[in-house]
Amino acid sequence: YMGARTVGEALHRGSKVADLCWELGRGDFKVLPMSKAPTKLQNMSEKDIKKVQALLNKIIGPRGLAVSIDDKDADKELAKEEQWMAGKLALIAATAKKLGLELEQETHEDLHEDGINENADIRNGRFVADKLSQNILKERKASGKKVTEADATEALRLWGFAQNSG
């Protein structure tokens, strides 16, 4: 399906919706405005097109964004999501620097070859949260103080959560 020019063609050639969402999140392709959509889909019957439309109607927006892909404000919601993600990645990088940690720079392909089905952003978030938590526990043990809700929140803000799907 990798040679497909449209989402419909990719699904017709055997792609799964989850594959397309994953690849969109990785930047493997981009969504063009309808004005640039091809007028004819290669080798697809009307029945094929209806099947693809039914599949697409079951999903929500990119990266799990809880907005319909047909929503007129979907682009604004996606922009807010991307801004939030950029802020989280900046927080992870700043905390890693403060802790003297070096973040992974591996690509999805590198990780996939190692049998890891996550991206480096998720892994880096978990790595930094784990090291921060270790430091907090060590400090609390030395001082005799209890771990606070703020301590837990600080670590969870860094944690790399995988997208829920299905």
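Residues numbered from 1 in each chain as written. Predicted model: local features only at pLDDT ≥ 70, side-chain atom pairs only at ≥ 80, totals over all residues. Heavy atoms only, no water.

### Brief notes about the overall build of the protein chain
As a reminder, the rule being used: Strands here are runs of E lasting at least two residues and helices are runs of H or I lasting at least four, both read from the DSSP assignment and numbered beginning at the N terminus. Accessibility here uses a 1.4 Å probe with only protein chains present; expressed as a share of the type maximum, an area under 20% marks a residue as buried, one over 50% as exposed, and anything in between as partly exposed. We call two residues in contact when some of their heavy atoms are within 4.5 Å.
Scanning the protein chain for helices and strands turns up 7 helices and 0 strands. In the protein chain, the succession of helices and strands from N to C terminus is α-α-α-α-α-α-α. Taken over 166 residues, the protein chain has a buried fraction of 22%. At a minimum sequence separation of 6, the contacts of the protein chain that also span at least 24 residues come to 55%.

### Overview of a nonpolar patch on the surface
The following threshold applies: Only residues above 30% relative accessible area that lack a salt bridge enter a patch, with like-charged residues linked at up to 9 Å and the nonpolar side chains Val, Leu, Ile, Met, Phe, Trp and Tyr linked at up to 5 Å. To measure how exposed things are, a 1.4 Å probe is used in the Shrake-Rupley method; for residues, cover is taken only from the protein chains shown. Only one rule defines a salt bridge in this text: a Lys or Arg side-chain nitrogen within 4 Å of an Asp or Glu carboxyl oxygen.
A grouping of L156, W159 and F161 is seen on the molecular surface, where their side chains present a nonpolar patch of about 320 Å² in accessible area. Checked against the element boundaries, L156 lands in helix α7 (residues 149–158). Judged by relative accessible area, which is 51%, L156 ranks as exposed.

### As for the side chain of S15
Tracing the sequence through the fold places S15 in the loop between α1 (7–12) and α2 (17–26). Given the relative accessible area of 6%, S15 is considered buried. Discounting chain neighbours no more than four positions away, the residues touching S15 are Y1, A10 and L20.

### A short note on the nonpolar core
The cut-off we apply is this: Throughout this description, the term nonpolar core refers to a set of buried Ala, Val, Leu, Ile, Met, Phe, Trp, Tyr and Cys residues connected via side-chain atoms within 4.5 Å.
Judged by nonpolar contacts, I92, A96, L103, V128, A129, L132, I136 and L158 together constitute the single largest core of 8 residues. Elements with a contribution of two residues or more to this core: α4 (74–99) and α6 (120–143). Broken down by element, this core gets its largest block of residues, 4 residues, from α6. In contact with L158, other than residues within four places in its own chain, are K88, L91, I92, T95, G125, R126, V128, A129 and L132. Grouped together as the second largest cluster of nonpolar side chains are 5 residues, A10, L11, V17 and V52 included.

### Observations concerning the environment of F29
Its location among the elements puts F29 in the loop between α2 and α3 (46–56). With a relative accessible area of 29%, F29 lands in the partly exposed category. The spatial distance from the C-alpha of F29 to the C-alpha of T6 is 9.9 Å, given a sequence separation of 23 residues. Dropping the residues within four chain positions of it, F29 is found in contact with L20, E23 and L24.

### Some thoughts on the confidence of the model for the protein chain
Just so we agree on the cut-off: As a per-residue measure, pLDDT tells how confident the predictor is, with possible values from 0 to 100.
Within the protein chain, residue pLDDT values average 79, and 74% of them lie at 70 or more. The least confident element of the protein chain is helix α5 (residues 108–113), whose mean pLDDT is 66; the most confident is α7, at 95.

### What to know about the side chain of K88
Residue placement: K88 occurs in helix α4. Beyond its immediate sequence surroundings of up to four residues, K88 is in contact with R157, L158, W159, G160 and F161.

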